[in-house]
Structures are given as C-alpha cells and as structure tokens.
Amino acid sequence: MKRTVIEAVKTCARPVKRALELAIDNRLVDYHMPLEMPGDILITFDDGPHPEYTPLLLNLLDRYGVKAMFFVIGERAEKNPDLVKAYHEQGHIVANHTYSHLNDVAGARYSRDRVVEDINKCSDLVESTIGKATRQFRPPRGELNIKTWRAARDTDHSLMLWSIEGGEWGKRSDWSAEDISDFVTSNIKKRDILLLHDDNEKSLVVISDLLESLRKRKLDLNSAIESVR
Ligand SMILES: [Zn+2]
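Residues take numbers from 1 onward in each chain, read along the sequence in its written order. Reporting of local features is limited, given that this is a predicted model, to residues whose pLDDT is at least 70; pairs of side-chain atoms are given and counted only at 80 or more, and all residues count toward the totals for whole chains, interfaces and linings. The basis for every side-chain value is the complete set of non-hydrogen atoms in the structure, without hydrogens or water.

Novice: Before we go on, may I ask you to explain the overall build of the protein in this structure?
Specialist: Starting at the N terminus, helices and strands are each numbered in turn, a helix being any DSSP run of H or I of at least four residues and a strand any DSSP run of E of at least two. Of the regular secondary structure elements, the protein holds 10 helices and eight strands. For the protein, with 229 residues in total, the buried portion stands at 52%. Contact between two residues is taken to exist if any of their heavy atoms lie within 4.5 Å; hydrogens are not considered. Long-range pairs, those at least 24 residues apart, make up 73% of the contacts in the protein between residues at least 6 apart in sequence. Each residue's exposure class comes from its accessible area (1.4 Å probe, protein chains only) as a fraction of the maximum for that residue type: buried when under 20%, exposed when over 50%, partly exposed otherwise.

Right, dumping it as structure tokens:
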C-alpha cells in the first residue's frame with residue numbers, strides 16, 4: 001500500500017517522529033502542506049487575474065464558502081486591479097508569480113537580480129492595490145533551482161509548489177475538462193496543495209465538481225489559508 005511521508009512519520013517511534021517532523025517542518029519548499037499548517041487541503045490558482053474567468057471562479061468559491069491562494073502575474077494584476085481587490089476582499093490570499101511570468105526563470109536567461117526585481121515588482125503592485133505585500137512565491141512553471149530559491153529568500157517570500165495539479169495548460173492540455181475533473185477528484189487527498197489556473201474554462205469545471213465532492217467528504221479547505229493570513 002502506498003503511504004505518504006506524513007502518514008509514515010505518524011507510525012514512527014517518538015524520537016524518530018520528532019526528528020522527521022523537524023526536518024519536514026524546516027524544509028525549504030512546500031510541496032505538501034507543512035505539518036504545522038492546520039486544515040486538510042490548500043487550493044491554489046496561478047496566472048490570474050482573468051477578466052472573464054476570475055469573477056466566475058470567485059462566485060463559485062463564495063457559494064461554497066471556500067478560501068484559496070492566488071499566485072498572480074503582476075502584469076495581469078496591473079490590468080485588473082478590481083479583481084485583485086476582489087480576491088482580497090473575499091478573504092483569499094494574493095501571492096506572487098512574478099510580474100511578467102518569466103519563462104525559463106531557472107535557466108541562464110535571467111540573473112538572480114532580474115528575478116528578484118520581477119518578484120518585487122509584482123509584490124509592490126499588489127501592495128499598492130490592496131495595502132498588503134505578497135509573502136508566498138511560486139516560480140513560473142514551478143522551476144526551482146538555487147537561483148529561484150535565493151530570489152525567494154532575498155525578497156522575504158516562502159516558496160510554495162504543489163502536490164496535485166489539473167495540468168490544464170501542461171501535461172493534460174489535451175484532456176477534456178471532465179477527464180481532468182475525474183482525475184483530480186479521485187486522486188486528491190489530505191495534505192495536498194492543489195494547483196489550477198484561473199484563466200481557463202476547464203478549471204471552472206474541475207473546481208466546481210471538486211468542491212461538491214470535498215464538501216461531501218467534509219474536508220477542511222479553509223484553515224490552511226487562515227493560518228497564513
Ligand atoms: Zn504560471
């Protein structure tokens with residue numbers, strides 16, 4: 001039977017358990033929800049805000065009383081300040097996905113200073129819109145290396161990747177919304193960080209099905225967000 005690291009830690013003897021918990025709690029990047037984070041699942045969206053899909057998504061989340069974390073692209077946030085305010089006013093967390101969605105961010109194309117500048121530009125923009133700077137950073141395409149890690153540290157951001165994704169722009173781009181929805185709904189489990197994108201129609205289908213399913217499973221989707229507010 002496949003077990004997650006978290007579940008495996010629970011079964012260890014006490015001193016081993018403590019040592020493992022410390023190691024996991026102090027890890028440099030969050031793939032799964034950290035042990036100290038309350039709740040069951042953390043829902044995140046990248047690449048917004050989008051003038052057409054973001055309002056529909058916000059309505060849906062509001063209907064279910066669910067909070068999420070939005071890793072915004074600064075350029076899109078600049079064009080849609082009202083939607084950035086709407087994220088914030090509806091209790092979601094606005095996080096950082098760089099200003100210009102630097103592609104190949106981990107490669108040789110961009111210096112660390114350039115990445116730092118792009119993260120700061122996105123954060124400054126968010127701060128001027130909602131009065132609060134960003135605190136979590138997700139590199140475009142999840143490209144993690146020593147440079148993107150240091151850029152996050154230099155700008156005072158924690159790094160957050162994900163443990164399950166819709167893949168609507170990536171590896172499942174040729175799947176139907178229904179197939180992606182089935183995949184996510186049947187594979188998501190406690191301590192997962194879910195990645196979807198609020199700039200496409202498939203995401204709306206996926207999140208709509210998922211919220212209904214998670215409500216039936218009585219999973220806590222909000223405590224994680226509350227803990228990083
Ligand atoms: Zn992205």
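So that's the structure; there's more coming.
Novice: Just to check I follow, could you spell out the pairing of strand 2 (residues 42–46) for this structure?
Specialist: Within a regular strand, the side chains alternate between the two sheet faces. Most of strand 2 sits out of view: five of its five residues are buried. Note on pairing: two strands pair once DSSP finds at least 2 bridges between them. Note: strand 2 against strand 8 (residues 193–197), five bridges, orientation parallel. Opposite Thr-44, over in strand 8, you have Leu-195 as the bridge partner. Bridge count between strand 2 and strand 3 (residues 69–72): three bridges; the pairing is parallel.

Novice: Explain the pattern of salt bridges here, please?
Specialist: Pairing is possible between side chains of opposite charge, provided their charged atoms come close. Any carboxyl oxygen of Asp or Glu within 4 Å of a side-chain nitrogen of Lys or Arg constitutes a salt bridge here. Per the counting criterion, the structure on display carries nine salt bridges. Among the ionic pairs, Arg-153 bridges to Asp-154, the shortest N-O distance being 3.4 Å. According to the relative accessible area criterion, Asp-154 is partly exposed, its value standing at 40%. Put simply, Asp-192 and Lys-189 hold a salt bridge, and the shortest N to O gap is 3.3 Å.

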